[in-house]
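So you can see what is in the structure, the chains are spelled out below.
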Amino acid sequence: MNIALVTRFLGVILLVEAASMTPSLIIALFHHQDGDVPALLMTLGLILAVGLPMFFLSRPKDRNLRARDGFIVVALSWILMSVFGALPFTLSGFLPNYVDALFEAVSGFTTTGATVVTDFSHMPHGIVFWRSFTHWVGGMGVLVLTLALLPKLSDRTSHLVRAESPGPSLSKIVPKMGDSAKILYIMYTVLTVIEFCILMLCGMNPYDAAIHAMGTAGTGGFSNYGDSVAHFQSVPIEITMTVFMILFGINFAIYYFMYNRSWHDIRNNEELRWYLSIVGIVILLLTVLLIPYYGSFTSALRYSAFQTASVISTSGFATCNFDLWPVSARMLLLLVMFIGSCAGSTAGGMKVIRVALMIKEAKREIRRTIQPRKVQMVRFDGKGIDESMLHSIAVFVFAYVALVLAGAVVIALENRYDLITNFTAALTCVSNVGPGFGAVGPAGNFAEYGPLAKLVCSFLMLAGRLELYPLLILFHPVVWKKN
């Protein structure tokens, strides 16, 4: 391991985190509420005290970032960000238990949206804004942000983006990774600002609009109200957020194609067609199932569309308690919790492209039993898929399911909740969705879990956001050997 280069990168990440706290500090100074200004200032001081020496005192002779170093930087960066990002919650006195604060910070940065907060009424504006801003920073990825700001920090930085970006493969928008990072963040920011403006036109005040726009952009789902988006009781707000949740679940390369008017690339994008088809079918099925529950087609469509967009984009916002829906409707939501959205988006889950390829692989295996001598290839976007990629996706899917089951078993050791609650708690953390079913449904939270379950859930959220491997390889002894 290139210790000097890894240390320098971690120092930069901490400095970026310190800079990202500035908007929250400005909000805190503007509102003059107790606790948040000192908490943010102390956290900034601690981050700078650690980050500055790590950056300036590390002098890497070799600036060539290898794949192993990239995975280590990504994993340790997200852990360090969460450890320091939790401090404002604790130092402000809002979440005095550091395990609770760490859970909240991890949930924010990983854009999961699961929470231990039960009362928002006494939460200072600066702390609330920091809580939601972690969604926006974590949505596109802090390493992507770092490369956008400092593209010359190291050579071969594609290993960083590959380890942090969701999806089975890395596709650069433009040849240089630093330029790709800038383009991604420009599109990300523009979409966020557009939603922010529309939400204000729909009746939200600027503060609420910023909170919910950041939560939608990062597909995180933190709200500053206990009843989430249902607090507003506004159809225009729900329609706006439904549309943008779906949009942020799309691979951002599609928006670059739109900017360049590459309509052929958009039409031929098979994952986009799968994604929009799944969204449409689930909304239609849920609407049919919920008509008896809500009494009219328009009401059923309103709630089914919002919750489908919220769950498949892994945003986690809620306008109703879907845990009270019929079993068939909840099973559909459970299914899309696993699937998630597109690779290259800010959403979680296994990703549509993996699910689509596994379905195609299953169909090929069925055909092989009938025609064993015929050469058959799995195709996607009109191109043949390499067997090694299909193998790696199959391994990922197995590891994904195994991690959900193992996490549920460990969480259940506390003997606090029933099977459905524990299973969906693990699933929603790995998939970065937020609410599950039972006690952790949209009307509940994770507050009553003990320290063990909260730490396990924090690990699951980080593993899910980083697509398992960057976090899991930290436990392999080979990783820590010197170059």
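Look up: the structure comes first, before these words.
All figures in this text were calculated on a predicted structure; none of them were measured in a lab.

Conventions and cut-offs
- Residues numbered from 1 in each chain as written.
- Predicted model: local features only at pLDDT ≥ 70, side-chain atom pairs only at ≥ 80, totals over all residues.
- Heavy atoms only, no water.
- Axes fitted to C-alpha atoms, helices over the stretch in contact; angles between N-to-C directions.
- Helix = DSSP H or I, 4+ residues; strand = E, 2+ residues; numbered from the N terminus.
- Parallel < 35°, antiparallel > 145°, perpendicular 65-115°, else oblique.
- Left-handed = near helix turned anticlockwise from the far one by under 90°.
- Contact = heavy atoms within 4.5 Å.
- Nonpolar A, V, L, I, M, F, W, Y, C, P; charged D, E, K, R; others polar.
- Salt bridge = Lys/Arg side-chain N within 4 Å of Asp/Glu carboxyl O.
- Buried < 20%, exposed > 50% of the residue type's maximum accessible area, 1.4 Å probe, protein only.
- Core = buried A, V, L, I, M, F, W, Y, C linked by side-chain atoms within 4.5 Å.
- Expected span 1.5 Å × (residues − 1).
- Phe/Tyr/Trp six-rings, centres within 6.5 Å; stacked < 30°, edge-to-face > 60°.
- Lys NZ or Arg CZ within 6 Å of the ring centre and 35° of its normal.
- Patch = residues over 30% accessible without salt bridge, like charges linked within 9 Å, V, L, I, M, F, W, Y side chains within 5 Å.
- Areas by Shrake-Rupley, 256 points an atom, 1.4 Å probe, with all protein chains shown as cover.

Peer 1: What is the right way to look at the packing of helix 15 (residues 270-294) against helix 17 (residues 327-339) in this model?
Peer 2: Pairs of packed helices are described in terms of their axes, by the angle between the two and the distance that separates them. It is the contact of helix 15 with helix 17, at a shortest axis distance of 9 Å, that shows an interaxial angle of 165°. Comparing their axes, helix 17 and helix 15 come out roughly antiparallel. Considering the relative orientation of helix 15 and helix 17, their crossing is left-handed. Together, Ile278, Val282, Leu285, Leu286, Leu289 and Leu290 of helix 15 and Ser328, Ala329, Leu332, Leu333, Val336 and Ile339 of helix 17 make up the contact between the two elements. When its residues are assigned to classes, the contact of helix 15 with helix 17 shows 11 nonpolar, one polar and no charged.

Peer 1: Which parts of the structure should I look at to understand the pattern of salt bridges?
Peer 2: Close approach of charged atoms lets side chains of opposite charge pair. Within the structure shown, the criterion is met by 11 salt bridges. Glu238 is the partner of Arg302 in a salt bridge, and the nearest nitrogen-oxygen pair spans 2.7 Å. Of this pair, Arg302 sits in helix 16 (residues 297-312) while Glu238 sits in helix 12 (residues 235-248), and the two are 64 residues apart along the sequence. Residue Glu238 is classed as buried on the basis of its relative accessible area, which comes to 3%. A salt bridge links Lys360 to Glu270, with the shortest nitrogen-to-oxygen separation between them at 2.5 Å. On the criterion of sequence distance, the pair formed by Lys360 in helix 18 (residues 352-370) and Glu270 in helix 15 is long-range, its members being 90 residues apart. Just as Lys360 is buried, Glu270 falls in that class too. Through salt bridges with shared partners, a single network forms among Lys351, Arg354 and Glu467.

Peer 1: Just to check I follow, could you spell out the environment of Met42 for this structure?
Peer 2: Examined against the element boundaries, Met42 turns out to sit in helix 3 (residues 36-56). Among the residues examined, Met42 registers a relative accessible area of 44% and is labelled partly exposed. Separated by 294 residues in sequence, Met42 and Val336 place their C-alpha atoms 41 Å apart.

Peer 1: What's the story with the environment of Ala18 in this structure? I'm lost.
Peer 2: Along the polypeptide, Ala18 turns up in helix 1 (residues 3-20). Given a relative accessible area of 5%, Ala18 falls into the buried group. Spatially, the C-alpha atom of Ala18 lies 34 Å from that of Phe257, the residues being 239 residues apart in sequence. Excluding its chain neighbours within four sequence positions, the residues that come into contact with Ala18 are Leu44, Ile47 and Leu48.

Peer 1: It is not clear to me how the nonpolar core should be interpreted in this structure. Could you clarify?
Peer 2: Side chains of a nonpolar character, in soluble globular proteins, are inclined to be buried together. Formed by 138 residues in total, the largest nonpolar core has its most connected members in Phe252, Trp325 and Phe446. Sequence-distant contacts of Trp325, that is, excluding residues within four places in its chain, are made with Leu286, Leu290, Tyr293, Tyr294, Tyr303, Ser304, Gln307, Cys320, Arg330 and Leu333. Of all hydrophobic cores here, the second largest spans nine residues; its members include Ala343, Ala356, Leu357 and Val378.

Peer 1: Help me understand helix 7 (residues 125-140) in this model?
Peer 2: Every α-helical turn comprises 3.6 residues, leaving residues that sit three or four positions apart pointing alike. The terminal C-alpha atoms of helix 7 lie 24 Å apart, and with 16 residues this matches the ideal 22 Å at 1.5 Å per residue to within 8%. Within helix 7, 15 of the 16 residues are buried, leaving the element largely enclosed by the surrounding structure. A positive backbone phi angle near 115° is found at Gly141, which sits one or two residues after helix 7.

Peer 1: Would you take a moment to explain the packing of aromatic side chains for this structure?
Peer 2: Each pair of aromatic rings is reported with the distance of its centres and the angle of its planes. Here the structure, examined in full by the defined rule, presents 23 aromatic pairs. For the pair Phe252 and Tyr255, a centre-to-centre distance of 5.5 Å together with 75° between the ring planes defines the contact as edge-to-face. Of the two residues, Phe252 and Tyr255 both sit in helix 13 (residues 252-259), three residues apart, roughly one turn of that helix. Each member of the pair Phe252 and Tyr255 is classed as buried. With a centroid separation of 4.6 Å and an interplanar angle of 15°, the aromatic rings of Tyr294 and Tyr303 are classed as stacked. Taking the relative accessible area as the measure of exposure, Tyr303 reaches 14% and is therefore buried. One aromatic cluster is present, built from ring pairs that chain together Phe129, Phe133, Trp136, Tyr185, Tyr188, Phe244, Phe248, Phe252 and Tyr255. Above the ring of Phe222, the side-chain terminus of Arg131 is found at 3.8 Å from the ring centroid.

Peer 1: Got a minute to help me understand a nonpolar patch on the surface in this structure?
Peer 2: Together, Leu48, Leu52, Phe56 and Leu57 give the surface a local cluster of nonpolar side chains, amounting to about 390 Å² of exposed area. On the secondary structure map, Leu57 appears in the loop between helix 3 and helix 4 (67-85). Here Leu57 falls in the exposed class, since its relative accessible area comes to 69%.

Peer 1: Explain helix 17 to me, please; I cannot follow it from the model alone.
Peer 2: Counted at 1.5 Å a residue, the expected span for helix 17 with its 13 residues is 18 Å, and the 19 Å between its end C-alpha atoms agrees. Listing the buried residues of helix 17 in full gives Ala329, Leu332, Leu333, Leu334, Val336, Met337, Phe338 and Ile339. Elements in contact with the buried residues of helix 17: helix 15, helix 16, helix 18, helix 19 (387-412) and helix 20 (419-430). Positive backbone phi, approximately 75°, marks Gly340, located one or two places after helix 17.

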